[in-house]
Amino acid sequence: MLIPGPDTRVVELRVHGVQGTTPESLVDAVAAVDVAGDGLGRVVRPADRLRRPAPGPVLQAGGRPVSRVVEGYVWGRMTSGGLAKATWALLFPFALANVAHWMLPPTPAGSVPARLLGTCLRALLRLAALLLTVLLVAQLGVISLDLVAAQCLAPGSGCPWGRTWAGGAPWVRALVGTAPIALVLLVLHRMSSVDWRIERTGPPAAADPSSGLPGALVAADPDTPALRVLHLVAGLGTGVAVALGGPAGPLPAPGWHGRAIAVCWAAGIALVAVAALGAVLLDDPTGAAPHRGGRWLRAALGREPRRVLHTGAWLLLLAATALLVRLPAWHQGADLPPRLPGADLSVQLVAALATLVCLLIGLLLVPAALLARRDWSAQPRGLRPWAGGWMAAPVVAVAAMLGGGFGAGLALALRGVLGFGRLPRGYSYIVLLWGVAGVLALAAGLAVAATTGMLRWSSLRRREEWAREAALLHAGRPRDVKRAARAWWWARWQRRHSHQAVLGLAVVLVTGAVPAVFLRLKEVDPPEWSRPVSTFGVVVLALLALALLRAVHLAARRPDKARQVGVLADLAAFWPREAHPVVPPCYALKVVPELVARVREHLADPGTRVVLAGHSQGSLLTAVAAARLLEELPPEQAERLGLVTAGSQLQWAYSRAFPAVVPHSSLASLSGRLGGRWRALCRGTDALGGAVTTWDRQVFDEALLGVGFRADGTTGALPPARRGPTGALVLGGDHWLPDPQRGPFPGRRWAPGVNRHADYTSDPEWDRAVAMAAGLDTGEPVSPRLSTMRSTGLSTGLSTGLPTARSAGLPTGLPTSLPTARQAPLAEPEPEPEPK
């Protein structure tokens, strides 16, 4: 432990989690001011009445006061606020496909089959993402070209919205049909071109993929501009092909008009094929190997060739619009509304190809996950990747199903508004799919709710291991034990089964697709008995479309009421554009370098120690930033760097969902390099956060035991947890906080009730964890003081004969290859009486 001197100070740099946080709440002040940043990435400090940066509260470390500066990095504006960012919700299937790319299992070194499987899986994921873009354009063509232009605006159609001068003007109908496609593709191109400007004063942070540290693979892909143009070209080519006849062939027309349509249609099909081929061949997942894919492909997709391809695709769409104006069918009236022949087949063909690609991804993931299994086979079951490393398959399947469902839902909603028109025949099978899926989801939801209730009642009655942990943490406070035990159960259940919800959704949607695909292949219309199910599917799709539009409206007008949209956007936008370029820009590529630069600036002062403190999603950002700093800093500065995570998902979620990017071994490596200066605050009541450095915990002889990362960099059984002066149990690097808090404590803010995932900084253990992360406190128990015992009702000395988990009548369990040393319980006042 470093003995603090008069020139020692601690800079606590906090990073918030998802859905934004106000600067004031981040730094625990009534006012905050910017001290650095560019408005998007803001570095703030507490402010005094004159709006000047104020010093932070004094930090008690080793019995001595140490100067502390509290700073906060605010990044919420990168993912929330305004109509432009709200429209990201419309592209959620694209974001899911991009996230699935980062969920692929790792490729073991030296394994040729694993490397080939990884290459094929990345290529198929990029192809699936491209098909999502094509499906969006095809479904938009059904709405604008078929339902509105060809049917509603046809002369004599009887559509209430078509009885205007537009119905007799073929050029208006052609513009109405193609303009929405052009506008959407223009918006997608503009949104995919948005990127962040990094404000930093030091050298750029370099990611070494072979370092074994968290987030080493998170890097910008130099192929993203080429992939962006390929998606735009594929969308434009799809629009041209759908408008001029679809996959079955070009529209018939006499003379030169027919020949022009055929040439334009063939060019549109060729654009889609070229885009698909280019997306499959591009492969540079880390941005560190520009030679991949072949130099010929890099040259073919360079800046000038992309510009020519881009311009030619737009000119082709304009030519298709001009050719539509001269169609004979658009000049003549009819008793029945004419149909655009290519719309139905286009949607069905793209959906079939997307389904086939998803099936191939699921099949290839099986051997890929089995080959990668040796990387985690020695780990406890609770630390292994979700679904055995196969999680990318259900995620991309859900993305494809949601993409088709969003488009069908919007088409059904628009037909309801128009009160006129016929949708393609394929939509009846989509309606059946979502009807069956909706019925199954409803039945599964009821079954899960009933089973969960029974399990909760049984578990609380048996008082399992987690209940003994809660009783030990709240010893002598029976009312808090009861409240905490209930919250612990729900939080534990959600952490264990959250990924199964995604698997269940994928199973439900795939099961619903089976009868729809079977009937479509047999060319059989849905039977009469399935009408109630199809009607339910219409309701489900309409609700899906309305919920999507409502979420966008709330995110644009009332960001504080659209938390779910913001959370999903924040989680998806962490990952760089790899499989799909039309996703929010990766804020990690801006936040991490700026955090690194800010820390380097502070560490230039020899008397300064910096502690990166991240809450929830911020814990991932600070862990990646700390890993980058440890790779670059000289030893004399690296030993002055510490890390505090609170409510973190690094162990239970990120290391299991993204085993190639944040593997468990990378967390062990980071903990070893920090040498005990990584402190993790966790609550058993927190459903979103959990332990980070320990696992396999159990209570034996009134002591909390477990396995985890040691300060010397090894992994194994840990000494029994120590009781902190504020009631927290410190096991290895994890600080288990009592929730509800003990106290109130003099001179500290009080947060009553069960706080779960919120307000970690209000707990007095926060300051102690910061001091330990700064290397100024060893965490040894402090001798009790009479004034402290009288004011707080706590004692940190060793005592016996007071209420403990055992005296409360709870079972204590048996050890399994863990230390069995006895740990004295926290001295407690007399149990408070139960309210009558």
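Here the structure is shown first, and the text comes after it.
Just so it is clear, the structure is predicted and the values come from calculations on it, not from any experiment.

A. Structural context of the side chain of H602. In this structure, H602 sits in helix α17 (residues 588–603). Overall, H602 belongs to the buried group, its relative accessible area being 5%. Aside from chain neighbours lying at most four places away, what touches H602 is R9, V11, R45, E71, T608 and V610.

B. Here's a closer look at the pattern of salt bridges. Counted by the stated rule, this structure contains 17 salt bridges. Here E12 makes a salt bridge to R68, at a shortest N to O gap of 3.0 Å. One end of the pair, E12, is in strand β1 (residues 9–15); the other, R68, is in strand β5 (residues 64–74), with 56 residues separating them in the sequence. One exposure class covers both E12 and R68, and it is buried. Linking R749 and D759 is a salt bridge whose minimum nitrogen-to-oxygen distance equals 2.9 Å. Taken as a pair, R749 in the loop between β14 (734–736) and α22 (765–773) and D759 in the loop between β14 and α22 lie far apart in primary sequence, 10 residues in all. A single network of salt bridges, built from pairs that share partners, joins E12, R14, D28, R68, R749, D759 and D767.

C. Region of interest: the packing of helix α11 (residues 392–418) against helix α14 (residues 478–521). For the pair α11 and α14, the least separation of the axes is 9 Å and the interaxial angle reads 55°. With respect to α14, the axis of α11 lies oblique. Relative to α14, the crossing made by α11 is left-handed. Where α11 abuts α14, its residues P394, V395, V398 and M401 lie against V502, L503, L505, A506, L509, V510 and A513.

D. Looking closely at helix α9 (residues 303–325). Look at α9: 34 Å from first C-alpha to last across 23 residues, which is about the 33 Å you get at 1.5 Å a residue. Looking only at α9, the buried set comprises R306, H310, A313, L316, L317, A320, T321, L323 and L324. Buried residues belonging to α9 abut α4 (112–152), α5 (170–192), α6 (224–243) and α7 (255–281).

E. View of unusual backbone geometry. Of note, the bond from D739 into P740 is cis; its omega dihedral lies within 30 degrees of zero at 10°. As for its placement among the helices and strands, P740 is situated in the loop between β14 and α22. One non-glycine residue, A387, lies in positive phi territory at about 55°. By the secondary structure assignment, A387 is in the loop between α10 (341–372) and α11.

F. Up close: the pairing of strand β3 (residues 42–46). Counting buried positions over the five residues of β3 gives five, a clear majority of the element. Bridge count for strand β2 (residues 32–37) against β3 is five bridges, and the pairing is antiparallel. Its bridge partner being in β3, D34 is matched across the sheet by V44. As paired strands, β3 and β5 are joined by three bridges and run antiparallel to one another. By the bridge assignment, V43 is partnered in β5 with Y73.

G. Expanded view of the packing of aromatic side chains. Within the structure shown, the criterion is met by 12 aromatic pairs. Ring geometry for W386 versus W652: centroids 6.3 Å apart, planes at 50°, classification tilted. Residue W386 is found in the loop between α10 and α11, and its partner W652 is found in helix α20 (residues 650–657); the two are separated by 266 residues along the sequence. When sorted by exposure, W386 lands in the same class as W652, which is buried. Taking the centre distance of 6.5 Å and the plane angle of 15° together, the rings of W489 and W493 count as stacked.

Reading the values: rules and limits
- Residues numbered from 1 in each chain as written.
- Predicted model: local features only at pLDDT ≥ 70, side-chain atom pairs only at ≥ 80, totals over all residues.
- Heavy atoms only, no water.
- Helix = DSSP H or I, 4+ residues; strand = E, 2+ residues; numbered from the N terminus.
- Buried < 20%, exposed > 50% of the residue type's maximum accessible area, 1.4 Å probe, protein only.
- Contact = heavy atoms within 4.5 Å.
- Salt bridge = Lys/Arg side-chain N within 4 Å of Asp/Glu carboxyl O.
- Axes fitted to C-alpha atoms, helices over the stretch in contact; angles between N-to-C directions.
- Parallel < 35°, antiparallel > 145°, perpendicular 65-115°, else oblique.
- Left-handed = near helix turned anticlockwise from the far one by under 90°.
- Expected span 1.5 Å × (residues − 1).
- Pairing = 2+ DSSP bridges.
- Phe/Tyr/Trp six-rings, centres within 6.5 Å; stacked < 30°, edge-to-face > 60°.

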